[in-house]
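The chain contents come next:
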2 protein chains.
Amino acid sequence: MALPQKNKIETLRVIAHPVRFRILDELAKGVKCVSDFEDFLGISQPNVSQHLALLRNHGIIDYYMDGRLRCYFLVDPIVPDILDVLKKEYTGTLPAPACCPVTKKGKYPGDRTN
Amino acid sequence: MALPQKNKIETLRVIAHPVRFRILDELAKGVKCVSDFEDFLGISQPNVSQHLALLRNHGIIDYYMDGRLRCYFLVDPIVPDILDVLKKEYTGTLPAPACCPVTKKGKYPGDRTN
DNA sequence: ACACAACATTCAAATATCCTTATATATTTT
DNA sequence: AAAATATATAAGGATATTTGAATGTTGTGT
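A brief report on the enclosed structure follows. Keep in mind it's a predicted model, so treat the numbers as computed, not measured. (Residues numbered from 1 in each chain as written. Chains lettered and ligands numbered in written order. Predicted model: local features only at pLDDT ≥ 70, side-chain atom pairs only at ≥ 80, totals over all residues. Heavy atoms only, no water.)

## Quick word on the sheet that holds strand 3 (residues 69-74) of chain B
Residues and elements named next belong to chain B. Reading across from one edge, 1-3-2 is the order of the three strands in this open sheet, with antiparallel pairing throughout. Every interior strand has two partners, whereas the edge strands, strand 1 (32-33) and strand 2 (61-66), have only one. As judged from the two bridges shared by strand 1 and strand 3, these two strands associate in the antiparallel manner. Pairing of C33 across the sheet is with C71, part of strand 3. (Pairing = 2+ DSSP bridges. Helix = DSSP H or I, 4+ residues; strand = E, 2+ residues; numbered from the N terminus.)

Here's what the structure looks like:
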C-alpha cells in the first residue's frame, strides 16, 4: 500500500492519548462499561464519556446496551496491532545510514536515496 | 510488558500528524535533507524545520552535517513498526464479544473480564 | 408515575498545537 | 570578507484539544 489515508493517521492521533490508550488497553482484555473505567482511570464520569464518545465517533469502539449499562468493546482491528507495537521492548536504535558516517563533512553524496 | 511508558504514547502522538508521518515515511526509504522535504511536502522551510525539530527533540530522528546540508535519518526503532501497521490493509472489524450478543438486553453477565 | 442509576451532552475556560512571518546562525563560495 | 545557501529559531495569532461543571437522557425498579 502507498501512504495510509488521512483517516488512519487520525485514528492514530485519537489513540495517542494517555487516557484513551488505557481505555483501549483495557478493552483489549474484555468488555467494560463506563463506571468500570471511572474506577479504573480515576477520572470523572463525564470525562470518561467524552473520551469514549471520541473513540466511538472515530469507529474505534462501539457498545451494546445491557440494561442501563453501556458495554463497550473494540471494533477497529488496528487497535491490537498498535497496542502490540507500543508494548514491544526495543533495545538500541536503528543503524545509522551506512553510506554516510555521522562525522563526515563534504559534498552531498548523490541522489539521497539511502 | 505492562502499560507502555508515557514516553511511548508521546512518541505516538508526535508521529500521528500528516506532515510528520510523510517525513518519517520518506526517511524510512533513506536519508533526506530539509530542502528535499520542502519540495516533497510543498510546505514552507520553517514549517519543515519545526516538524523536524519536534521529531528530533523526541529522539525519533537525528541528522549529520554534510557541508551546509543536514542529512536526517531515523533513529527510533518503533517507527518502521508503526509505519507497517498504518499501511496494513484491514478488512472488516474485530469480532463482537462472544459472551454478549449485540442485541442482548438484561442483567450484566458477571465480572466483565471478557 | 416517580425516583434513582448509568451515562451522555453542552458550555466555557485553560492549554496546547499549528502555521506564518520575520530574523538569526552556520557553512560554503567568490 | 562579503554574499549566498541551507537551515534554525522566535514571536504571534488562529485553531484545536482537554477538562470541569452543570444539565439532559434513558432505562429500571418500586
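## So, the pairing of strand 2 (residues 61-66) of chain A
All names here are of chain A. In this structure, strand 2 lies alongside strand 3 (residues 69-74), joined through six bridges in antiparallel fashion. Pairing of D66 across the sheet is with L69, part of strand 3. Hairpin connection from strand 2 to strand 3: two residues lie between these consecutive antiparallel strands, with G67 at a positive phi of about 60°.

## Let's talk about the sheet that holds strand 1 (residues 32-33) of chain A
Residues and elements named next belong to chain A. With respect to topology, three strands assemble into an open sheet ordered 1-3-2, the strand pairing being antiparallel. Either end of the sheet is taken by a strand with one partner, and the two such strands are strand 1 and strand 2. Running over the sheet, helix 2 (residues 18-27) touches strand 1, strand 2 and strand 3 and is turned about 90° from strand 3. Contacts from helix 4 (residues 45-57) reach strand 2 and strand 3 within the one sheet, and its direction differs from that of strand 2 by about 115°. (Contact = heavy atoms within 4.5 Å. Axes fitted to C-alpha atoms, helices over the stretch in contact; angles between N-to-C directions.)

## Quick look at the state of the cysteines
By the definition in use, this model includes zero disulfides over all chains. Residue C33(A) stays outside any disulfide, its sulfur separated by 6.1 Å from that of C71(A), the closest cysteine. (Disulfide = S-S within 2.5 Å.)

## Some thoughts on the side chain of R20(B)
Residues and elements named next belong to chain B. Locating R20 in the fold gives a position in helix 2 (residues 18-27). It turns out R20 is buried and unbridged, and the closest side chain with the opposite charge, E10, is 9.1 Å from it. Discounting chain neighbours no more than four positions away, the residues touching R20 are R13, V14, I15, H51, L54 and L55. (Buried < 20%, exposed > 50% of the residue type's maximum accessible area, 1.4 Å probe, protein only. Lys, Arg positive; Asp, Glu negative; His and termini not counted. Salt bridge = Lys/Arg side-chain N within 4 Å of Asp/Glu carboxyl O.)

## Regarding the layout of surface pockets
Each pocket or cavity is described by its volume, and for the largest pocket that value is around 230 Å³. Residue lining of the largest pocket: 15 residues in total, with Y90(A), Q5(B), K8(B), D76(B) and P77(B) positioned closest to the centre. Of all the elements, helix 1 (residues 6-15) of chain B adds the most residues to the lining of the largest pocket, at three residues. When grouped by side-chain class, the residues that make up the lining of the largest pocket number five nonpolar, six polar and four charged. (1 Å grid on protein atoms, 1.4 Å probe; cavity = no way out; pocket = protein on both sides within 12 Å on 5 of 7 lines; lining within 4 Å. Points joined across faces, edges and corners; volume = space filled by probe spheres on them. Nonpolar A, V, L, I, M, F, W, Y, C, P; charged D, E, K, R; others polar.)

## Some remarks on the packing of helix 2 of chain A against helix 3 (residues 34-41) of chain A
All names here are of chain A. As a packed pair, helix 2 and helix 3 sit with axes 11 Å apart at the nearest point and diverge in direction by 120°. Classed by the angle they form, the pair helix 2 and helix 3 counts as oblique. With respect to the hand of their crossing, helix 2 and helix 3 are arranged in right-handed fashion. Contact residues: helix 2 offers V19, R22, I23, E26 and L27, while helix 3 offers F37, F40 and L41. Its residues placed into classes, the contact of helix 2 with helix 3 shows six nonpolar, no polar and two charged. (Parallel < 35°, antiparallel > 145°, perpendicular 65-115°, else oblique. Left-handed = near helix turned anticlockwise from the far one by under 90°.)

## Re the nonpolar core
With 52 residues, the main nonpolar core has I15(A), I61(A), I82(A), I15(B), I61(B) and I82(B) as its most contacted residues. In this structure, I61(B) is in contact with L24(B), L27(B), L52(B), L55(B), R56(B), Y72(B), F73(B), L74(B) and V75(B), ignoring residues within four places of it in sequence. (Core = buried A, V, L, I, M, F, W, Y, C linked by side-chain atoms within 4.5 Å.)

## Some thoughts on the pattern of salt bridges
All chains considered together, the criterion is met by 10 salt bridges over all chains. Residue K29(B) is joined to E26(B) by a salt bridge in which the shortest nitrogen-to-oxygen separation is 2.8 Å. Among the residues examined, K29(B) registers a relative accessible area of 52% and is labelled exposed. Residue class for E26(B) comes out buried when judged on its relative accessible area of 10%. A network of salt bridges, in which partner residues are shared, links E26(A), K29(A) and K32(A).

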